[in-house]
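Structural overview
Single-letter residue listing:
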Amino acid sequence: MDQPITRAAPRRRSGRDILTDLHAFIAGLPKAELHVHHVGSASPRIVSSLAARHSDSKVPTAPEALADYFTFTDFAHFIEVYLSVVDLIRTPDDVHLLTYEIARDLARQNVRYAELTITPFSSTRRGIEDAAFMTAIEDARVAAEADFGTVLRWCFDIPGEAGLEAAEETTRLAVTDKLRPEGLVSFGLGGPEIGVARPQFKPYFDRAIAAGLHSVPHAGETTGPDTIWDALRDLRAERIGHGTSAAKDPALLAHLAEQHIPLEVCPTSNIATRAVPSLDEHPIKAMVDAGVFVTVNSDDPPMFGTDLNNEYAVAARLLGLDEEGLARIALNAVEASFLTAEGKRGLTAEIEAYTAAWPLREGF
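Residues numbered from 1 in each chain as written. Predicted model: local features only at pLDDT ≥ 70, side-chain atom pairs only at ≥ 80, totals over all residues. Heavy atoms only, no water.

On to the overall build of the protein, then. Along the protein, the regular secondary structure elements total 16 helices and nine strands. Against the globule reference of 21 Å for 364 residues, the protein gives a C-alpha radius of gyration of 20 Å, in line with a compact fold. Expressed along its principal axes, the backbone C-alpha trace of the protein runs to roughly 60 × 45 × 45 Å. Out of the 364 residues in the protein, the part that is buried amounts to 57%. A separation threshold of at least 6 residues defines the contact pool for the protein, and within that pool the share at least 24 residues apart is 75%. Carbon and sulfur atoms make up 52% of the accessible area of the protein, which totals about 14300 Å². Each charge class in the protein can be summarised by its mean position, and for the 34 positive and 53 negative side chains these summaries are 3 Å apart. (Helix = DSSP H or I, 4+ residues; strand = E, 2+ residues; numbered from the N terminus. Rg over C-alpha atoms; globule rule 2.2 N^0.38 Å. Buried < 20%, exposed > 50% of the residue type's maximum accessible area, 1.4 Å probe, protein only. Contact = heavy atoms within 4.5 Å. Areas by Shrake-Rupley, 256 points an atom, 1.4 Å probe, with all protein chains shown as cover. Lys, Arg positive; Asp, Glu negative; His and termini not counted. Charge placed at Lys NZ, Arg CZ, Asp CG, Glu CD.)

Next comes the structure, spelled out in structure tokens:
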């Protein structure tokens, strides 16, 4: 499965036809998503429903007003707005609604499997009981798989800005047998990176890894390559969330490529939060050219006016991909996922069958 991402070959199609064909191909392509946040996936219809439930919130209830509300001046402003949406999740019913409706939106994009990053500390500190929170996400997961066919798994992440209290609480929820949900597969670290050193979280990641969870911290999104090195050395990262600044360090790129450590790249997110000045300056091409194992993801899609289908289209433009190259991106996500071996074989076969049957593959 480990093959290079292929560039587009010349075809006898106009530029407009090629773009239309690629968008159609992407829409039907079976996909996996590895870096997408629970609250950050709340679409305008979900957010407006939650805001209407909690009238004391400053979040707009009108979906059309959310576009302006979700326009960020910098990463700190993004975190401020994000936390205002987090504050809408106050009851187990809110948790269930959010989770189930996220699965509906993923299924509409032909996302067959998603590892959803959840920050349980944000909900339990607001008074939702531990067991009630776990029941809400698990009931929604089971119902969504039955209704939409999309398989959800969880990454519990530490909100770094909340410090070691949040780290302790997140770890407790992740490793306690009576609380740990069946769908939990990994352990992460999110929030602002500046002023939040990765090494301080080593004891918590050690406990999570000892409990059988995979390590997937954010690193190098708004800080330099040293943060990524810290995540690899101290947190034993198996995948890196974002890793945008890796392109600044040739030795780090070489290490990531040699060790086959996936980066969860989220192009539109990096522009929206001003982590990267523009799409044309995004380092994804430098990563791929260095042989780094890249996956493409949406991060907080409604907040950034995107979705996974659009991120694949962005990757196609930045990397010069045709349908076969896009299929390779989809296969990368499956390979880098924490699906079971049987699940990986099944989704791989589905992607390969879809690509082989695509009517525009031959004859142009």
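That shown, we press on.
What follows concerns the packing of aromatic side chains. Inspection of the entire model under this criterion finds 12 aromatic pairs. Measuring from ring centre to ring centre gives 5.0 Å for Tyr100 and Phe148, while their planes differ by 50°; the resulting arrangement is tilted. Of this pair, Tyr100 sits in helix α5 (residues 92–108) while Phe148 sits in helix α7 (residues 130–148), placing them 48 residues apart in sequence. Of the residues examined, Tyr100 reaches a relative accessible area of 16% and is grouped as buried. On the numbers, 5.9 Å between centres and 40° between planes, the contact of Tyr354 with Trp358 is tilted. Across the pair, Trp358 and Tyr354 agree in class, each one buried. Here the aromatic cluster, defined as three or more aromatic residues joined through ring pairs, consists of Tyr69, Phe70, Phe72, Phe75, Phe78, Tyr82 and Phe304. (Phe/Tyr/Trp six-rings, centres within 6.5 Å; stacked < 30°, edge-to-face > 60°.)

Of note, Asp226 is situated in helix α10 (residues 225–234). We classify Asp226 as exposed; its relative accessible area is 57%. Sequence separation between Asp226 and Asn110 is 116 residues; the distance between their C-alpha atoms is 36 Å.

Right, let's talk about the pattern of salt bridges for a bit. Under the defined criterion, the tally for this structure stands at 20 salt bridges. Among the ionic pairs, Arg45 bridges to Asp105, the shortest N-O distance being 2.7 Å. Pair noted here: Arg45 is in helix α2 (residues 44–53) and Asp105 is in helix α5, with a separation of 60 residues, a long-range link. One salt bridge in this structure joins Glu168 and Arg207, with 3.0 Å as the shortest N-O distance. Remark: Arg207 occurs in helix α9 (residues 202–210) and Glu168 occurs in helix α8 (residues 163–175); sequence separation between them is 39 residues. According to the relative accessible area criterion, Glu168 is partly exposed, its value standing at 35%. Overall, the relative accessible area of 34% leaves Arg207 in the partly exposed class. (Salt bridge = Lys/Arg side-chain N within 4 Å of Asp/Glu carboxyl O.)

Right, let's talk about the side chain of His38 for a bit. Checked against the element boundaries, His38 lands in the loop between β1 (31–37) and α2. Residues in contact with His38, not counting those within four places in the same chain, are Val95, Leu98, Thr99, Ile102, Leu116, Thr117 and Ile118.

Further remarks concern the packing of α5 against α7. Packing of α5 against α7 leaves a shortest axis separation of 8 Å and a crossing angle of 30°. As far as their axial angle goes, α7 and α5 are roughly parallel. As for how α5 packs across α7, the hand of that crossing is right-handed. Residues Pro92, Val95, His96, Thr99, Tyr100, Ala103, Arg104 and Ala107 of α5 form the contact with α7, whose participating residues are Ala132, Phe133, Ala136, Ile137, Asp139, Ala140, Ala143, Ala144, Asp147 and Phe148. In the contact of α5 with α7, the residues fall into 13 nonpolar, two polar and three charged. (Axes fitted to C-alpha atoms, helices over the stretch in contact; angles between N-to-C directions. Parallel < 35°, antiparallel > 145°, perpendicular 65-115°, else oblique. Left-handed = near helix turned anticlockwise from the far one by under 90°. Nonpolar A, V, L, I, M, F, W, Y, C, P; charged D, E, K, R; others polar.)

Right, let's get into the sheet that holds strand β9 (residues 294–296). Read across the open sheet, the four strands follow the order β6-β7-β8-β9; overall the sheet is parallel. Two strands in the sheet have a free side with no partner beyond their single neighbour: β6 (218–219) and β9. In terms of strand pairing, strand β7 (residues 240–242) meets strand β8 (residues 263–265) through two bridges, oriented parallel. For Gly241, the partnering residue across the bridge sits in β8 and is Glu264. (Pairing = 2+ DSSP bridges.)

On to the pairing of strand β2 (residues 111–118), then. β2 sits mainly inside the fold: seven of its eight residues count as buried. In terms of strand pairing, β1 meets β2 through five bridges, oriented parallel. Bridge assignment links Ala32 to a residue of β2, and that residue is Tyr113.

One can describe the packing of helix α15 (residues 323–336) onto helix α16 (residues 341–357) by two numbers: an axis separation of 10 Å at closest approach and a directional angle of 175°. As judged from the angle between their axes, α15 and α16 are roughly antiparallel. Between α15 and α16, the residues in contact are Ala327, Ala330, Leu331, Val334 and Glu335 and Lys344, Leu347, Thr348, Ile351, Glu352 and Thr355, respectively.

On to the nonpolar core, then. Of all hydrophobic cores here, the largest spans 114 residues; its most connected members are Phe70, Phe156, Phe201, Leu232, Ile240 and Tyr312. Not counting the four nearest positions on each side in its chain, Phe201 is found in contact with Ile158, Gly160, Gly163, Leu164, Ala167, Leu189, Val196 and Leu235. (Core = buried A, V, L, I, M, F, W, Y, C linked by side-chain atoms within 4.5 Å.)

Now for the sheet that holds strand β5 (residues 214–215). Read from one edge to the other, the open sheet built from five strands follows the order β1-β2-β3-β4-β5, with strand pairing classed as parallel. Taken across any chain shown, the strands that pair with only one partner, and hence form the sheet edges, are β1 and β5.

When α2 is considered as a whole, its buried residues turn out to be Ile46, Val47, Ser48, Leu50 and Ala51. Its buried side turned inward, α2 meets α3 (66–69), α4 (75–86) and α5.

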